Amino acid sequence: MSRSIDLLKHRYLKNIKENPELFVGIELEYPVTNLEGDATDVEVIKHLFRYLVSALNLAVEKVDDFGNPIQLVDPVSQDAILFEVSYTTIEFAFGKAETIQEVENRFNNYMDVTQKKLAESNHAIVGCGIHPNWDKNKNCPVAYPRYQMLMDYLNLSRNVTESDLHHFPEYGAFICGSQVQLDVSKSNYLRVINAFTQIEAVKAYLFANSEFSGEDWDTKISRDIFWEESMHGIYPENVGVNARLFKDEDDFFDYLDYSAIFTAERDEQTYYFYPIQARDYLSTPEIQAFSLNGDVVSIYPQEKDFETHRSYQYQDLTTRGTVEFRSVCTQPLDRTFASAAFHLGLLVNLDKLEAYLETAPFFKEFGRDYKFLRRQFSKKNLIAEEKTAIIEFSTDLLLLAEEGLEMRNKQEMTYLQALKEELGI
């Protein structure tokens with residue numbers, strides 16, 4: 001086995017338990033908009049964070065280069081409220097919970113306080129996957145090394161000639177997603193990743209919420225294009241829907257070995273560089289890297305650089321013993337937890353989900369190119385046959401998710417109601 005795979009296995013398998021208790025982890029990213037239609041006033045948002053410290057009894061966990069709080073944490077629940085890449089996007093990252101209701105109750109509390117404060121300055125959090133005023137905002141990173149590095153790295157796309165990369169490297173400042181993390185075990189994590197890879201077409205249909213006004217893209221999920229046709233997608237294994245289902249653990253880590261490393265720390269300084277696949281990283285003799293102030297330096301690969309490895313697959317094995325599902329746009333506020341309930345129900349009902357997917361009529365009609373299916377069924381207009389098929393597929397999965405939630409017996413089925421009504425169930 002190669003050393004790179006050794007290091008990846010250590011990073012991603014060390015915290016997976018044999019029989020974990022199932023907790024729910026939810027992260028919600030939101031644009032903050034100026035209700036007058038102008039650019040978001042970042043001073044309003046910075047002031048909001050200072051206000052939340054006392055209003056919600058939170059501790060300041062991180063500050064930016066100018067001493068502004070940028071990450072707040074609740075010492076009891078471990079919930080965090082933070083800026084996500086830019087000062088115009090707020091993320092609520094919840095500590096692990098036993099039920100969705102627990103998260104919803106805390107979320108409603110945070111939102112009540114936050115929205116009231118923002119309203120004083122005619123601003124508000126909105127349930128959109130793209131910042132509605134993306135073209136008026138400055139789209140600058142938070143003054144913090146990780147975010148500055150990320151934006152600088154994405155900006156390298158301007159130097160990549162003869163490529164199909166889009167022209168919006170600042171997209172990290174204005175796209176917003178709804179992520180859920182669920183505990184997996186050593187025996188089921190690959191099953192979970194494979195099963196959920198197969199249903200990306202349905203997730204595209206049910207949860208699309210990021211049409212983009214800046215280009216004539218025929219998709220309701222511009223987030224996919226932003227991710228896949230950026231520096232993150234130089235190597236297709238690094239981002240998006242997995243290209244294939246995995247036969248076993250070795251097959252999965254062989255795939256992960258093709259994902260990218262693009263950042264490293266030396267002497268407490270953050271550097272970034274053109275992406276190098278994990279499998280080639282340690283044998284690269286010298287790397288031309290960039291510091292955050294624009295200096296070009298030579299660095300040499302070290303094994304410790306794998307400790308900050310991150311890939312961006314839509315079914316992402318994390319270092320916390322969870323699978324993170326990251327392909328859903330931020331949802332309208334009246335269906336904030338529909339996506340979490342959908343994933344949770346299907347995970348609990350995994351046996352039946354796998355059995356259904358083996359013979360699902362949808363695949364007989366449209367094949368099993370999962371990357372293609374996600375893009376196809378996020379289009380703005382589907383032909384009649386496509387619409388009929390995706391509604392049937394979505395309905396079957398929604399009923400399986402509802403059955404899984406009923407098996408949990410924690411009264412979480414109500415979160416699926418909006419989706420059921422949309423599908424006419």
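Above: the structure in question.
Residues numbered from 1 in each chain as written. Predicted model: local features only at pLDDT ≥ 70, side-chain atom pairs only at ≥ 80, totals over all residues. Heavy atoms only, no water.

Enquirer: Which residues make up the pairing of strand β7 (residues 178-183), and what are the values?
Expert: Within β7, 6 of the 6 residues are buried, which leaves it mostly tucked inside the rest of the structure. Every second residue of β7 is oriented toward a common face, with S178, V180 and L182 on one face and Q179, Q181 and D183 on the other, all of them buried. In this structure, strand β1 (residues 24-34) lies alongside β7, joined through 5 bridges in antiparallel fashion. Each bridged residue has a counterpart across the sheet, and for I26 the counterpart in β7 is V180. (Buried < 20%, exposed > 50% of the residue type's maximum accessible area, 1.4 Å probe, protein only. Helix = DSSP H or I, 4+ residues; strand = E, 2+ residues; numbered from the N terminus. Pairing = 2+ DSSP bridges.)

Enquirer: Explain the sheet that holds strand β12 (residues 296-299) residue by residue, including any values.
Expert: Whenever strands of a sheet pair, they do so through backbone hydrogen bonds, lying parallel or antiparallel. If you walk across this open sheet you meet the 4 strands as β9-β10-β11-β12, and the pairing is antiparallel. Each end of this open sheet is capped by a strand with a single partner; those strands are β9 (260-266) and β12. Across this sheet, the average inter-strand angle for adjacent strands is 35°, counted without regard to direction. Pairing of strand β10 (residues 269-277) with strand β11 (residues 287-291), which is carried by 2 bridges, proceeds in the antiparallel orientation. Within β11, the position partnered with Y271 by the bridge is S291. Contacting β9 and β10, helix α4 (residues 145-155) runs over the sheet at an angle of about 40° to β10. (Axes fitted to C-alpha atoms, helices over the stretch in contact; angles between N-to-C directions. Contact = heavy atoms within 4.5 Å.)

Enquirer: Lay out helix α8 (residues 249-256) in plain terms, naming residues and giving numbers.
Expert: Of all the positions in α8, only D251, F252, F253, Y255 and L256 are classed as buried. Buried positions along α8 lie against α1 (3-13), α5 (189-197), α9 (278-281), β13 (312-313) and β14 (315-317). Where α8 begins, the capping side chain belongs to D248, and its oxygen is found 3.2 Å from the backbone nitrogen of D250. (Polar contact = N/O pair within 3.5 Å; in protein donor to acceptor, adjacent residues only side chain to side chain.)

Enquirer: So what's going on with the nonpolar core? Which residues, and what values?
Expert: Within soluble globular proteins, side chains that are nonpolar generally end up buried alongside one another. The biggest cluster of nonpolar side chains holds 134 residues, and the ones touching the most others in it are F92, Y189, L317, F342 and F393. Not counting the four nearest positions on each side in its chain, L317 is found in contact with Y12, L13, I16, V184, Y189, I193, F252, T322 and V323. (Core = buried A, V, L, I, M, F, W, Y, C linked by side-chain atoms within 4.5 Å.)

Enquirer: Summarise the environment of I26; cite the residues concerned and give the values.
Expert: Examined against the element boundaries, I26 turns out to sit in strand β1. Sequence separation between I26 and I100 is 74 residues; the distance between their C-alpha atoms is 8.8 Å. Contact partners of I26, with chain neighbours within four places excluded, come to F92, A93, F94, V103, Q179, V180, F337 and A340.

Enquirer: If you had to explain the packing of helix α10 (residues 338-348) against helix α14 (residues 384-408) to someone new, which residues and values would you point to?
Expert: As a packed pair, α10 and α14 sit with axes 7 Å apart at the nearest point and diverge in direction by 75°. Relative to α14, the element α10 is oriented roughly perpendicular. Contact residues: α10 offers A341, F342, L344, G345, L346 and V348, while α14 offers L397, L398, L400, A401, G404, L405, M407 and R408. Classifying every residue of the contact of α10 with α14 gives 11 nonpolar, 2 polar and 1 charged. (Parallel < 35°, antiparallel > 145°, perpendicular 65-115°, else oblique. Nonpolar A, V, L, I, M, F, W, Y, C, P; charged D, E, K, R; others polar.)

Enquirer: Give a detailed account of the packing of aromatic side chains, specifying residues and quantitative values.
Expert: For any two aromatic rings, the description comes down to two numbers: the centre-to-centre distance and the angle of the planes. Under the defined criterion, the tally for this structure stands at 44 aromatic pairs. Ring geometry for F94 against Y110: centres 6.2 Å apart, planes inclined by 20°, an arrangement best described as stacked. Of this pair, F94 sits in the loop between β5 (89-93) and α3 (100-119) while Y110 sits in helix α3, placing them 16 residues apart in sequence. Centroid distance Y274 to F290: 6.2 Å. Interplanar angle 75°. Geometry classified as edge-to-face. Of this pair, Y274 sits in strand β10 while F290 sits in strand β11, placing them 16 residues apart in sequence. Of the residues examined, F290 reaches a relative accessible area of 14% and is grouped as buried. One aromatic cluster is present, formed by W134, F168, Y171, F174, F212, W217, F226, W227 and Y312 through successive ring pairs. The ring centre of Y51 lies 4.5 Å from the NZ or CZ of K117, which sits over that ring. (Phe/Tyr/Trp six-rings, centres within 6.5 Å; stacked < 30°, edge-to-face > 60°. Lys NZ or Arg CZ within 6 Å of the ring centre and 35° of its normal.)

Enquirer: I'd like a description of the state of the cysteines, backed by residues and values.
Expert: Taken as a whole, this structure holds 0 disulfides when the rule is applied. Take C128: it sits in no disulfide, and the sulfur closest to it among the cysteines is that of C176, at 8.5 Å. On the accessibility criterion, C128 (24% relative accessible area) is partly exposed. With a relative accessible area of 0%, C176 lands in the buried category. (Disulfide = S-S within 2.5 Å.)

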